[in-house]
Amino acid sequence: MTAAILTSMVEMAILIYLLQLATATAAASSSSSSSLLSYPSHQFLAVQDIIRATKSASHVPQTQLLDQLESDESHGGRRWKLNLVHRDKLSDSDDGHRRRTEARLERDVKRVAILNSQIGGNRTKGGIQGGRFEVEDIGSEVVSGMRQGSGEYFVRIGVGTPPRSQYMVVDSGSDVVWVQCLPCKQCYQQSDPLFDPANSASFVAVSCNSPVCQHAETAVGCHGHGGGRWCRYEVSYGDGSFTKGTLALETLSFGDTFIRNVAIGCGHRNQGLFVGAAGLLGIGGGSMSLVSQLGGEAGGAFSYCLVSRGTGSLGSLEFGRESLPTDSAVWVPLLQNPKAPTFYYVGLSGLGVGGVQVTIPEPIFKLSDMGHGGVVMDTGTAVTRLPTVAYRTFRDAFVAQTSNLPRSRPVSMFDTCFDLNGFVTVRVPTVSFYFSGGPVLTLPASNFLIPVDDMGTFCFAFAPTSSGLSIIGNIQQEGIQISFDSANGVMGFGPNVC
């Protein structure tokens, strides 16, 4: 086990302890303000270990990668998952850490534009009711993709009968499950052969008079004539990407677990930033997402652990009640935005630097009655976005406590960077999220100071936004088990790490 991985494990242990301490303290004295609570003010960033990890990151041959992805674990027949491989392992060539970072940030700008467009659109057409399927606890590895367009994390699942293995973008900010299909009038390049519904015994096109078509949020009419008129779907994204085709019921498989009659889009015209993946697996909060379609106990609960950058660690995406931690997790309420039911909103009351809450008016993070603002947890956004006023106050507090570190020029969206070349470790102030109700999530140092090259340039991994919407991105989520229990309206952090 490398020093970098050991350091990460120690950081995560501290993180979980802080979460437990915060919740226990808040419960013991609910009248005490968060500024009166005591938290560690500093921690250490293992600079040289992280730099070595960026230099040693290498491409994994596809045959080896597939072996890792298709090896599963069974837990008493009720819980199953595949292994997680980090996104950097999927690149056909190593362009260097600087180029990988630049590509990630370029995708991230487009992703945030998509989210703001989707939430700004506020489509309110009713969705289908999630049916209850014969499935208990299922899971699949999440693959964080390198060159697969705008998607950050990927899962490999089976589509159809017999199942055809496909890479799918996993997206907590989408409600749609869709895959590119033959015959394809307009398709982008993907890693696997295109799915041919004619070769699947379980594929059933949804008819126009079906309740699924009549209530599906993505349905836009019918096509065909005579005895065959099928439901058309269309999904457009804020960056100009889209998928269009036929709505269908199909079987999806995760290893030896089969989920029948899942409403999916069979895309005959597809364009945009999904290059490499066959389609998208939406796990948002809306009625068309896979989470909702699973229904009941299985559909109402899932968890994921996004593997940390630069390590060989494994992560997972799991569905079902048994995917939820039974103890030691810290739970925060999920907030409902009726105008954007897809997204997972949480209440954020403030930010902390060096163990002290920064003075930021709480209304900055408030979700208004009109559905504006608020804070979204998102797997597809890399860098956490904060309203400009909040970001500047937060950043200035961090800069004030790191005046001893040599600065470097800004990089892309990062305006606060440091030249840590030659340092083995550095002492940095802690960075924390203060959630409504008391819990405090103190991040590992590697989740807020990240390398942007392999020469020792590290940047403060937050960015301002002119939008009122705050987004907690996947860099800040890495290595932490994140759980969602929609039946009880809560989201949990920990206790597991990856």
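Residues numbered from 1 in each chain as written. Predicted model: local features only at pLDDT ≥ 70, side-chain atom pairs only at ≥ 80, totals over all residues. Heavy atoms only, no water.

Caption draft 1: Local environment of the sheet that holds strand 29 (residues 457-460). Read across the open sheet, the four strands follow the order 23-24-29-28; overall the sheet is antiparallel. Whereas interior strands pair on both sides, the edge strands pair on one side only; in this sheet they are strand 23 (407-408) and strand 28 (449-451). Across three bridges, the pairing between strand 28 and strand 29 is antiparallel. Paired with leucine 449 across the strands is phenylalanine 460, a residue of strand 29. Docked against the sheet, helix 8 (residues 388-400) engages strand 23, strand 24 (417-419), strand 28 and strand 29, running at close to 135° with respect to strand 29. (Pairing = 2+ DSSP bridges. Helix = DSSP H or I, 4+ residues; strand = E, 2+ residues; numbered from the N terminus. Contact = heavy atoms within 4.5 Å. Axes fitted to C-alpha atoms, helices over the stretch in contact; angles between N-to-C directions.)

Caption draft 2: Quick peek at the packing of aromatic side chains. This model, assessed by the stated rule, comprises 16 aromatic pairs. Judged by centre distance (5.0 Å) and plane angle (85°), the rings of phenylalanine 394 and phenylalanine 462 are edge-to-face. Placement of the pair is phenylalanine 394 in helix 8 and phenylalanine 462 in strand 30 (residues 462-465), with a sequence separation of 68 residues. Like phenylalanine 462, phenylalanine 394 is buried. In textbook terms, an aromatic cluster arises when at least three aromatic residues are bridged by ring pairs, as seen for Phe394, Phe398, Phe418, Phe433, Phe435, Phe448, Phe460, Phe462 and Phe493. In this structure, arginine 407 packs its charged tip against the face of phenylalanine 418, placed 5.6 Å from the ring centre. (Phe/Tyr/Trp six-rings, centres within 6.5 Å; stacked < 30°, edge-to-face > 60°. Buried < 20%, exposed > 50% of the residue type's maximum accessible area, 1.4 Å probe, protein only. Lys NZ or Arg CZ within 6 Å of the ring centre and 35° of its normal.)

Caption draft 3: Molecular detail of the side chain of threonine 402. Mapped onto the elements of the fold, threonine 402 is located in the loop between helix 8 and strand 23. Overall, the relative accessible area of 2% leaves threonine 402 in the buried class. Polar contacts involving the side chain of threonine 402 include one to the main-chain carbonyl oxygen of phenylalanine 398, which spans 2.9 Å. Not counting residues up to four positions away in its chain, the partners in contact with threonine 402 are Phe418 and Pro429. (Polar contact = N/O pair within 3.5 Å; in protein donor to acceptor, adjacent residues only side chain to side chain.)

Caption draft 4: Structural context of the nonpolar core. The biggest cluster of nonpolar side chains holds 71 residues, and the ones touching the most others in it are Phe448 and Phe462. If one sorts the elements of this core by residue count, helix 8 sits on top with five residues. In this view, phenylalanine 448 contacts Gln43, Phe398, Val428, Pro429, Val431, Leu443, Cys459, Phe460, Ala461, Phe462 and Gln476; residues no more than four positions away in its chain are not counted. Among the nonpolar cores identified, the runner-up in size contains 20 residues, and Val212, Cys213, Tyr233 and Tyr237 belong to it. (Core = buried A, V, L, I, M, F, W, Y, C linked by side-chain atoms within 4.5 Å.)

Caption draft 5: Fine view of unusual backbone geometry. The omega torsion across leucine 182 and proline 183 is -10°, close enough to zero to call that bond cis. Topologically, proline 183 is positioned in the loop between strand 8 (177-180) and strand 9 (204-205). Cis geometry is found at the peptide bond from glycine 494 to proline 495, where omega equals 0°. Along the chain, the position of proline 495 falls in strand 33 (residues 490-497). Backbone geometry places asparagine 261, a non-glycine residue, at a positive phi of 60°. Under the relative-accessibility criterion, asparagine 261 is labelled partly exposed at 47%. Phi is positive for serine 412, close to 55°, though the residue is something other than glycine. Secondary-structure assignment places serine 412 in the loop between strand 23 and strand 24.

Caption draft 6: Spatial organisation of the sheet that holds strand 19 (residues 348-353). The antiparallel open sheet is built from four strands, whose spatial order is 20-19-26-27. For this open sheet the edge positions go to strand 20 (356-357) and strand 27 (440-442), each flanked by a neighbour on one side alone. Relative to strand 26 (residues 431-435), strand 19 is paired through five bridges, and the arrangement is antiparallel. Residue glycine 350 lies in a different strand from strand 26, and its bridge partner there is tyrosine 434. Strand contacts of helix 8: strand 19 and strand 26, with the helix running at about 20° to strand 19, the strand carrying the most contacts.

Caption draft 7: Summary view of helix 8. End to end, helix 8 covers 18 Å across 13 residues, agreeing with the expected 18 Å (1.5 Å per residue, within 8%). Listed as buried for helix 8 are Ala390, Tyr391, Phe394, Arg395, Ala397 and Phe398. Down the axis of helix 8, the sector holding all buried residues measures 160°, keeping them to one side. For helix 8, the exposed residues set more than 90 degrees away from the buried face come down to Val389 and Ala400. (Expected span 1.5 Å × (residues − 1). Arc of directions from axis to C-beta.)

Caption draft 8: How the structure looks around the pattern of salt bridges. One pass over the full model with this rule turns up 13 salt bridges. The closest approach of N and O atoms between arginine 98 and aspartate 453, which form a salt bridge, is 3.7 Å. With a gap of 355 residues between them, arginine 98 in helix 4 (residues 97-121) and aspartate 453 in the loop between strand 28 and strand 29 connect regions that are remote in the sequence. For arginine 395, the salt bridge identified is with aspartate 396, shortest N-O distance 3.1 Å. On the basis of relative accessible area, arginine 395 is assigned to the buried category, the value being 18%. Judged by relative accessible area, which is 42%, aspartate 396 ranks as partly exposed. Several salt bridges converge on common partners, so that one network encompasses Arg98, Arg99, Glu102, Glu106 and Asp453. (Salt bridge = Lys/Arg side-chain N within 4 Å of Asp/Glu carboxyl O.)

Caption draft 9: Spotlight on the state of the cysteines. Per the stated rule, a full pass over the model turns up five disulfides. In this model cysteine 181 forms its disulfide with cysteine 266; the gap between the sulfur atoms is 2.1 Å. Taking the sign of the torsion about the S-S bond as the criterion, the disulfide between cysteine 181 and cysteine 266, at about -130°, is left-handed. Taken as a pair, cysteine 181 in the loop between strand 8 and strand 9 and cysteine 266 in strand 13 (residues 257-271) lie far apart in primary sequence, 85 residues in all. (Disulfide = S-S within 2.5 Å.)

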